[in-house]
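Next come the chains, spelled out residue by residue.
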Amino acid sequence: MLRSRQGDYQLVESVTVIGRSRRCDIVLTDPNVSRQHAEIRRQGDGFMLLDLGSTNGTRVNRRGVRQAVLQHGDRIELGTTAVSYTHLRAHETVLDLVCRLLLEKTKKTSDKP
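Residues numbered from 1 in each chain as written. Predicted model: local features only at pLDDT ≥ 70, side-chain atom pairs only at ≥ 80, totals over all residues. Heavy atoms only, no water.

(A) Examining the overall build of the protein more closely. Each helix and strand counted, the protein has 1 helix and 11 strands in total. Secondary structure elements of the protein, listed N to C terminal, follow the sequence β-β-β-β-β-β-β-β-β-β-β-α. Sorting the 113 residues of the protein into buried and exposed places 41% on the buried side. Taking all contacts inside the protein whose residues are at least 6 apart in sequence as the whole, residues at least 24 apart take part in 29%. Here the protein has roughly 7500 Å² of accessible surface; of this, 49% comes from carbon and sulfur atoms. (Helix = DSSP H or I, 4+ residues; strand = E, 2+ residues; numbered from the N terminus. Buried < 20%, exposed > 50% of the residue type's maximum accessible area, 1.4 Å probe, protein only. Contact = heavy atoms within 4.5 Å. Areas by Shrake-Rupley, 256 points an atom, 1.4 Å probe, with all protein chains shown as cover.)

Here you go:
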């Protein structure tokens, strides 16, 4: 799942194209984003981000990349737009994810002396 100020986007297709064009699966209104800026490809249980030759480049965790295997919590920057990547496990819903993250946070706080 990708989360931005514009909303949340489920990654349900094998390839998701991100850009300014209305033909993209995820449309960003940022003028610094190319028409077809990047794509996210499903790879097994995870996802790979690929820059599609964008004018302003793509960054993951502030590092310029042409491609990157996405990890839970990664910050992706396209133009001046930032989105965060949340890894949903197989068959996990957003509600399941929220519950899992809350439980992990509660466990971390209760483990502190």
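(B) The sheet that holds strand β5 (residues 38–43), seen in detail. Strand order in the open sheet formed by 5 strands is β4-β3-β5-β6-β9, with mixed pairing between adjacent strands. The open sheet has two free edges, formed respectively by β4 (26–27) and β9 (67–69), since each of these has just one partner strand. As paired elements, strand β6 (residues 46–51) and β9 share 3 bridges and run antiparallel to each other. Looking across to β9, one finds that Met 48 is bridged to Val 69. (Pairing = 2+ DSSP bridges.)

(C) Representation of empty space enclosed by the protein. Under the defined criterion, the tally for this structure stands at 1 cavity of 30 Å³ or more. In this structure, the largest cavity encloses a volume near 30 Å³. Every residue along the wall of the largest cavity is listed here: Leu 2, Tyr 9, Ile 18, Ile 26, Leu 28, Leu 78 and Val 83. For the lining of the largest cavity, the class distribution of residues is 7 nonpolar, no polar and no charged. (1 Å grid on protein atoms, 1.4 Å probe; cavity = no way out; pocket = protein on both sides within 12 Å on 5 of 7 lines; lining within 4 Å. Points joined across faces, edges and corners; volume = space filled by probe spheres on them. Nonpolar A, V, L, I, M, F, W, Y, C, P; charged D, E, K, R; others polar.)

(D) Inspection of the packing of aromatic side chains at higher detail. In total, this model carries 1 aromatic pair according to the counting rule given. When the ring of Phe 47 is compared with that of Tyr 85, the centres are 6.1 Å apart and the planes differ by 70°; the resulting orientation is edge-to-face. With Phe 47 in strand β6 and Tyr 85 in strand β11 (residues 81–85), the pair connects residues that are 38 residues apart, well separated along the chain. Tyr 85 carries the same exposure label as Phe 47, and that label is buried. (Phe/Tyr/Trp six-rings, centres within 6.5 Å; stacked < 30°, edge-to-face > 60°.)

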